[in-house]
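Structural characterization, general
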Amino acid sequence: MLRQRFVLDTSALTDTQTRELEGGTLDLAMGGILDIIAEGRLHLGISCYIPYPSVYTEMREFAKNNGCGEDTLAKMDTWLVKKTPDRYEVKIPSKIFYDYVDFMRGRINKGMNVAEDAIWESATECLFRTTKAKTRHEIEPEIERDVIGGIINSFRDKYRNALRYGILDSAPDIDVLLLAKELDAAVVASDMGIQKWAEQLGLRFVEAKSFPAMIKEYLKRLKPEKMNTI
């Protein structure tokens, strides 16, 4: 079996679905996944990288802020290979960035449309409810804050989803892709934006929730006796 390399996004260890499958609490889940990674490294030569310092800092802070103990943090430092991506030498086709800019423009326009719809809806609903008008065509120019509040909250959720879903929106996301490209490694994440652009760059992608089971399967096939220790 060829030795494999994986580059982990923060979501590879913090994904909610993965947490439920591997232990329930974040500390148990992260510790369990890191134990599996350790077995894979020791017995199969599998290497799991994490971009440094961007993703490493993000993951470590998330773990500390959510009750993970020193043992889990020590496992992170021991079994994940910290490496800074070579941002100058990794070659990315210009077509990828052209498509990304075009994609971002479409998302921004969609966000603007959502905003316009919310503004019209809130203004019309408020005016209609605070007057004696029987139809919205008869409304008077009066506004009620309670009505606007609920609609604006809905607007914020829609706006956030419209702009962020499927988009690379942070430096750590880009570092994951660059490092995977540099190492010819698979990307492990639950982020849809990373998945989309990993496919664009021709990188292998593994869903975070499937990653531990995949390593276990490798271990089971090659060293069945080790499964009892995982």
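To be clear, the structure that these remarks concern was listed above.
Overview of the structure. All figures in this text were calculated on a predicted structure; none of them were measured in a lab. (Residues numbered from 1 in each chain as written. Predicted model: local features only at pLDDT ≥ 70, side-chain atom pairs only at ≥ 80, totals over all residues. Heavy atoms only, no water.)

**Notes on the overall build of the protein**
- Summing up its helical and strand segments, the protein has 10 helices and five strands in all.
- Among the 230 residues that make up the protein, the fraction classed as buried is 39%.
- The contacts in the protein between residues at least 6 apart in sequence include a share of 69% that link residues at least 24 apart.
- As presented, the protein carries roughly 13400 Å² of accessible surface, and 51% of it is formed by carbon and sulfur atoms. (Helix = DSSP H or I, 4+ residues; strand = E, 2+ residues; numbered from the N terminus. Buried < 20%, exposed > 50% of the residue type's maximum accessible area, 1.4 Å probe, protein only. Contact = heavy atoms within 4.5 Å. Areas by Shrake-Rupley, 256 points an atom, 1.4 Å probe, with all protein chains shown as cover.)

**With respect to the pairing of strand β2 (residues 47-51)**
- Most of β2 is tucked away, with four of its five residues classed as buried.
- As paired strands, strand β1 (residues 5-8) and β2 are joined by three bridges and run parallel to one another. Residue pairing for β2: V7 is matched across the bridge by Y49.
- With three bridges connecting them, β2 and strand β3 (residues 81-83) associate as parallel partners. Across the sheet, residue P51 finds its bridge partner in β3, namely K83. (Pairing = 2+ DSSP bridges.)

**Some thoughts on the environment of D27**
- With respect to the helices and strands, D27 occurs in helix α3 (residues 26-44).
- Sequence separation of D27 and A63 is 36 residues, and the distance between their C-alpha atoms is 7.5 Å.

**Considerations on the sheet that holds strand β5 (residues 205-207)**
- Taken together, five strands build an open sheet; the order of strands is β3-β2-β1-β4-β5 and the sheet is parallel. Strands with a single pairing partner mark the edges of an open sheet, and in this sheet they are β3 and β5. Looking at each pair of strands side by side, their axes are set apart by 35 degrees on average, direction ignored. (Axes fitted to C-alpha atoms, helices over the stretch in contact; angles between N-to-C directions.)

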